[in-house]
Amino acid sequence: MVGSTLKSWDELYQNAQQASKGLKPLAISSAINQIIQEELDFIKLDLKASLDSKALKEIFDALKTIIMLENLLIHLGFNPIFVPSIHEEINLLKNSLKPWYSNQLSLQSLTHFLAEKENVSKKYLDWTNELKVQKKLLSSQAEKQAHLLFDKLV
C-alpha cells in the first residue's frame with residue numbers, strides 16, 4: 001500500500017464510505033462484541049488441549065484482534081468489554097508471546113537452513129539446542145498465563 005497511487009486510496013475511501021452508510025452505533029458495537037466472543041471461543045478450544053506451536057500462534061493472533069477491537073470500541077466512545085485488570089493481563093500474555101514467536105521463527109529458519117547442509121557445524125547444533133530449551137521455557141510460561149487469564153474469562 002505504501003507504493004500505491006492516490007487513486008487506489010480514494011477508491012478504498014469511497015468503498016468504505018458507501019459500505020458504512022446506514023450503520024448504526026449499536027450495530028457496530030454488537031458486531032465488535034460478537035467478533036470478540038468468537039475469538040474467545042476459538043481460544044477456549046485451543047486451551048482444552050496441550051498448547052502446541054500452532055495453538056500458541058493462534059492465541060497470539062486472537063489476542064491482537066481482541067486488543068484492536070477493544071481499542072476501537074473505546075475510541076468510538078463505547079464501554080470496553082473487559083475491565084482494566086483483564087486488559088493488563090491480555091497485554092502481558094501478548095507480550096509474553098512475542099519472544100516465543102520470535103524464538104519459534106528463529107528455530108524454524110535455522111532448522112530449514114541446517115536441513116540443506118551436509119556437514120553441520122557444532123555451533124549450529126548448540127544454537128539449535130539452545131533455541132529448543134528457550135522454546136520450552138517460553139511455551140510453558142505462555143501456557144500458564146493463558147490458562148490463568150482464560151479461567152477468569154469463563
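Described below are features of the structure shown in this document. (Residues numbered from 1 in each chain as written. Predicted model: local features only at pLDDT ≥ 70, side-chain atom pairs only at ≥ 80, totals over all residues. Heavy atoms only, no water.)

## Observations concerning the environment of Asn-129
This is how the line gets drawn: Helix numbers and strand numbers start at the N terminus; a helix is a DSSP run of H or I with at least 4 residues, a strand a run of E with at least 2. Burial classes: relative accessible area under 20% of the type maximum marks a residue as buried, over 50% as exposed, and values in between as partly exposed (1.4 Å probe, protein chains only).
Mapped onto the secondary structure, Asn-129 falls in helix α5 (residues 122-153). Judged by relative accessible area, Asn-129 falls into the partly exposed class, the value being 44%. In this structure, the C-alpha to C-alpha distance between Asn-129 and Ala-16, residues 113 residues apart in sequence, is 49 Å.

## Examining the packing of helix α4 (residues 84-115) against α5
As a reminder of what qualifies: A fitted line through C-alpha atoms serves as each axis, taken over the contacting stretch for helices, and the angle formed by two N-to-C directions is quoted from 0 to 180°. Between 65 and 115 degrees an angle is taken as roughly perpendicular, under 35 as roughly parallel, over 145 as roughly antiparallel, and anywhere else as oblique. Here a crossing is called left-handed whenever its near helix is offset anticlockwise from the far helix by less than a right angle, and right-handed whenever the offset is clockwise. Note that Gly is not counted as nonpolar here; it falls among the polar residues with everything else outside the nonpolar set of Ala, Val, Leu, Ile, Met, Phe, Trp, Tyr, Cys and Pro and the charged set of Asp, Glu, Lys and Arg.
For the pair α4 and α5, interaxial distance at closest approach is 9 Å and the crossing angle is 155°. The angle between the axes of α4 and α5 places the two elements in the roughly antiparallel class. α5 is crossed by α4, and the crossing has left-handed handedness. Broken down by class, the residue content of the contact of α4 with α5 amounts to 20 nonpolar, nine polar and four charged.

## Remarks on the side chain of Lys-135
Stated precisely, the cut-off is as follows: When charges are counted, neither His nor the chain ends are considered; positive counts come from Lys and Arg and negative counts from Asp and Glu. By convention in these notes, a salt bridge is any Lys or Arg side-chain nitrogen within 4 Å of a carboxyl oxygen on Asp or Glu. Contact between two residues is taken to exist if any of their heavy atoms lie within 4.5 Å; hydrogens are not considered.
For Lys-135, the position within the fold is in helix α5. Despite its burial, Lys-135 remains without a salt bridge, the nearest opposite charge being carried by Asp-52 at 9.0 Å. Discounting chain neighbours no more than four positions away, the residues touching Lys-135 are Ser-53, Trp-100, Asn-103, Gln-104 and Leu-107.

## A look at the side chain of Lys-94
Tracing the sequence through the fold places Lys-94 in helix α4. Despite its burial, Lys-94 pairs with no opposite charge, the nearest such side chain being Asp-61 at 11 Å.

## As for the nonpolar core
So the rule is basically this: To form a nonpolar core, buried Ala, Val, Leu, Ile, Met, Phe, Trp, Tyr and Cys residues must be joined to one another through side-chain atoms within 4.5 Å.
Among the nonpolar cores identified, the biggest contains 28 residues, and Ile-59, Phe-82, Ile-90, Leu-93, Leu-97 and Phe-150 are the most heavily contacted of them. For this core, the elements supplying multiple residues, two or more each, are α2 (25-47), α3 (53-75), α4 and α5. The element that contributes the greatest number of residues to this core is α3, accounting for ten residues. In contact with Leu-97, other than residues within four places in its own chain, are Leu-56, Ile-59, Phe-60, Leu-63 and Ala-142.

## Things to note about the pattern of salt bridges
For the structure on display, the rule yields six salt bridges. Note that Asp-61 and Lys-57 form a salt bridge whose closest N and O atoms lie 2.8 Å from each other. You can see Asp-61 and its partner Lys-57 sitting in helix α3, four residues apart, about one turn around the helix. Here Asp-61 falls in the partly exposed class, since its relative accessible area comes to 29%. Between Glu-89 and Lys-152 there is a salt bridge, with its nearest N and O atoms 2.5 Å apart. In this pair, Glu-89 is assigned in helix α4 and Lys-152 in helix α5, connecting sequence segments 63 residues apart.

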